[in-house]
There are 2 protein chains.
Amino acid sequence: MTVITGLELSPRKVDYLKFILKKGRTVKTTEISSSFKVDPSTTSKTLNELAASGYLNHVPYKGADLTQYGEMYAEFLIRRHRIMSLLLSHYGFSSEEACEEVSRFEAYVSKDAVDKICSAMGHPMFGVCGEITHEKCFHDAQKHG
Amino acid sequence: MTVITGLELSPRKVDYLKFILKKGRTVKTTEISSSFKVDPSTTSKTLNELAASGYLNHVPYKGADLTQYGEMYAEFLIRRHRIMSLLLSHYGFSSEEACEEVSRFEAYVSKDAVDKICSAMGHPMFGVCGEITHEKCFHDAQKHG
DNA sequence: ATCAATGTTTGGTATTCACCCAAATTATCA
DNA sequence: TGATAATTTGGGTGAATACCAAACATTGAT
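Because the structure is a prediction, the values reported are computed rather than measured.

Conventions and cut-offs
Residues numbered from 1 in each chain as written. Chains lettered and ligands numbered in written order. Predicted model: local features only at pLDDT ≥ 70, side-chain atom pairs only at ≥ 80, totals over all residues. Heavy atoms only, no water. Buried < 20%, exposed > 50% of the residue type's maximum accessible area, 1.4 Å probe, protein only. Helix = DSSP H or I, 4+ residues; strand = E, 2+ residues; numbered from the N terminus. Phe/Tyr/Trp six-rings, centres within 6.5 Å; stacked < 30°, edge-to-face > 60°. Lys NZ or Arg CZ within 6 Å of the ring centre and 35° of its normal. Salt bridge = Lys/Arg side-chain N within 4 Å of Asp/Glu carboxyl O. Pairing = 2+ DSSP bridges. Contact = heavy atoms within 4.5 Å. Buried area = accessible area lost by both parts, 1.4 Å probe. Polar contact = N/O pair within 3.5 Å; in protein donor to acceptor, adjacent residues only side chain to side chain. Nonpolar A, V, L, I, M, F, W, Y, C, P; charged D, E, K, R; others polar. Least-squares fit on C-alpha atoms with pLDDT ≥ 70 in both. Near = heavy atom within 4 Å.

A. Region of interest: helix H6 (residues 111–120) of chain B. When we look at burial in H6 of chain B, the residues that qualify are Lys111, Ala113, Val114, Asp115, Ile117 and Cys118 of chain B. Downstream of H6 of chain B by one or two residues, Gly122 of chain B has phi in the positive range, about 75°.

B. Representation of the packing of aromatic side chains in the model. The tally for this structure, following the rule as stated, stands at 14 aromatic pairs over all chains. Their ring planes at 40° and their centres at 6.1 Å tell us that Tyr69 of chain A and Tyr73 of chain A sit as a pair that is tilted. Here Tyr73 of chain A and Tyr69 of chain A lie together in helix H4 (residues 68–89), a separation of four residues that amounts to about one turn. Here Tyr69 of chain A falls in the buried class, since its relative accessible area comes to 6%. An aromatic cluster is built from Tyr55, Tyr69, Tyr73 and Phe76 of chain A, whose rings are joined through pairwise contacts. Geometry around Phe93 of chain B places Lys116 of chain A over its ring, the cationic atom sitting 4.9 Å from the centre.

C. Local environment of the pattern of salt bridges. What the rule picks out here adds up to 16 salt bridges over all chains. The partner of Asp115 of chain A in a salt bridge is Lys111 of chain A, and the shortest N-O contact between them spans 2.8 Å. Pair noted here: Asp115 of chain A and Lys111 of chain A are both in helix H6 (residues 111–120), with a separation of four residues, about one helical turn. Note on Asp115 of chain A: relative accessible area 15%, which makes it buried. Owing to a relative accessible area of 4%, Lys111 of chain A belongs among the buried residues under this scheme. Lys13 of chain B is the partner of Glu49 of chain B in a salt bridge, and the nearest nitrogen-oxygen pair spans 2.9 Å. Here Glu49 of chain B is found in helix H3 (residues 40–52), whereas its partner Lys13 of chain B is found in helix H1 (residues 11–23), with 36 residues between them in sequence. Take Lys13 of chain B: its relative accessible area is 18%, and that puts it in the buried class. Each of Arg79, Lys111 and Asp115 of chain A takes part in salt bridges that share partners, so that together they form one network.

D. Focus on the pairing of strand S1 (residues 56–59) of chain A. All names here are of chain A. Side-chain alternation along S1 places Leu56 and His58 on a buried face and Asn57 and Val59 on a face that remains uncovered. As paired elements, S1 and strand S2 (residues 63–66) share four bridges and run antiparallel to each other. Its bridge partner being in S2, Leu56 is matched across the sheet by Leu66. Taking the residues between adjacent antiparallel strands as the criterion, S1 and S2 are bridged by three residues, where Tyr61 takes a positive phi near 70°.

E. Representation of the interface of chain B and chain A in the model. Contacts between chain B and chain A engage 19 residues on the former and 19 residues on the latter. For the pair chain B and chain A, the summed buried area comes to about 1700 Å², and 69% of that belongs to carbon and sulfur atoms. When residues of chain B are sorted by the area they lose upon contact with chain A, Tyr91, Tyr108 and Lys116 of chain B head the list and together hold 37% of the total. Across the contact surface, chain B and chain A share two salt bridges. Close ionic contact of Glu97 of chain A with Lys116 of chain B constitutes a salt bridge, the shortest N to O distance being 3.3 Å. Inspection of the region where chain B meets chain A yields five residue pairs in polar contact (both at pLDDT 80 or more). Of all the elements in the fold, those that place two or more residues in the side of chain B that touches chain A are helix H4 (68–89), helix H5 (95–105) and H6 of chain B. Partitioning the side of chain B that touches chain A into residue classes produces twelve nonpolar, three polar and four charged.

F. Just the relation of the copies chain B and chain A, in detail. With an axial shift of 0.0 Å and an RMSD of 0.0 Å, the rotation relating chain B to chain A amounts to 180°. Here the two chains are linked by the operation of a two-fold rotation axis. Within chain B, the C-alpha atom positioned nearest to the axis of rotation is that of Phe105 of chain B, 2.9 Å from it. Here 100% of the contact residues of chain B are again contact residues in chain A; the copies associate through an equivalent surface.

G. Here's a closer look at the protein's contact with DNA strand C. As a matter of local geometry, DNA strand C sits amid 22 residues, with Ser10, Asp39 and Ser41 of chain A together with Thr29 and Thr30 of chain B nearest to it. Considering the 4 Å shell around the protein, atoms of DNA strand C inside it are sugar or phosphate in 68% of instances. With respect to DNA strand C, the side chain of Thr42 of chain A contributes an N or O atom lying 3.3 Å from a phosphate oxygen. Lys62 of chain A is positioned such that a nitrogen or oxygen atom in its side chain is 3.4 Å from a phosphate oxygen of DNA strand C. Elements that contribute at least two residues to the surface near DNA strand C include exactly helix H1 (11–23) and helix H3 (40–52) of chain A together with helix H2 (29–36) and H3 of chain B. Sorting elements by how many residues they give to the surface near DNA strand C places H3 of chain B first, with five residues. Classifying every residue of the surface near DNA strand C gives six nonpolar, nine polar and seven charged.

Printed below as a string of structure tokens:
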């Protein structure tokens, strides 16, 4: 049973988990490093750290995929991104502007805040950059080895 | 003529400038360090950096106050904080919750975003933690030595 | 006016995050 | 099976933030 605050991961790690969840499969180091335009060695190290923290299974030279916990967590990350960008879209931001702006600060927005905003918005089903899922909205309690 | 993006300063530096503007006078190192619960030596160094970047006048052993540019910038920082916390207050956050949440991520919110939200809100005069001033809303162009 | 107490700065060190390069290692496919 | 491509490891870097100890400046009380 782990309470998630939403502040567990650094911005880059948030990027990686969202990327892997969106891919929906095992991803190779190079896919990530080229997507984010960083050296593969940088990605490799970050992937190791995410694996060490239980978010990923990382098989060296093979690729990384989300653990059960990592998947649950990444779903929160996507929901946070979409809720926050939907919010900004209500204040004159285009979809692209909203996503870009949110990308800068989302790693520092707590799950409590996201849940509050999500409720106040009536648990919207669609954001400006994709569907918003709410299954995990009401029970924080998750096993985390 | 300096265009401000709002992303110039790290979170701690943002804290310091807001603190000094709110005091409205020269502040001593210890006032800041005790307020933020860090070692005075840490504050002293950060004050030096802010002075080196032109935000502060720092007279060693005497105290620091805002330069003209620093004051203009700090006014933006306060406006950003107040606009963002007012925004959250519209989604079920109490004043305290809104301010606390915003404190975590405000350093990563761009001036363009603040200006958009500010416009969409109709340039509100009052936030949840104080007055909102808008003089600097419409002209980014400011001298910065 | 001096000196002790207090406040401040400097120098040194640590951690976390995020990045790079070069070298070693593993995988893959022709 | 061996060359090429992908990946990891080892070694560094810089920014941000912090602490401690020692040096230094200021101030106030005698």
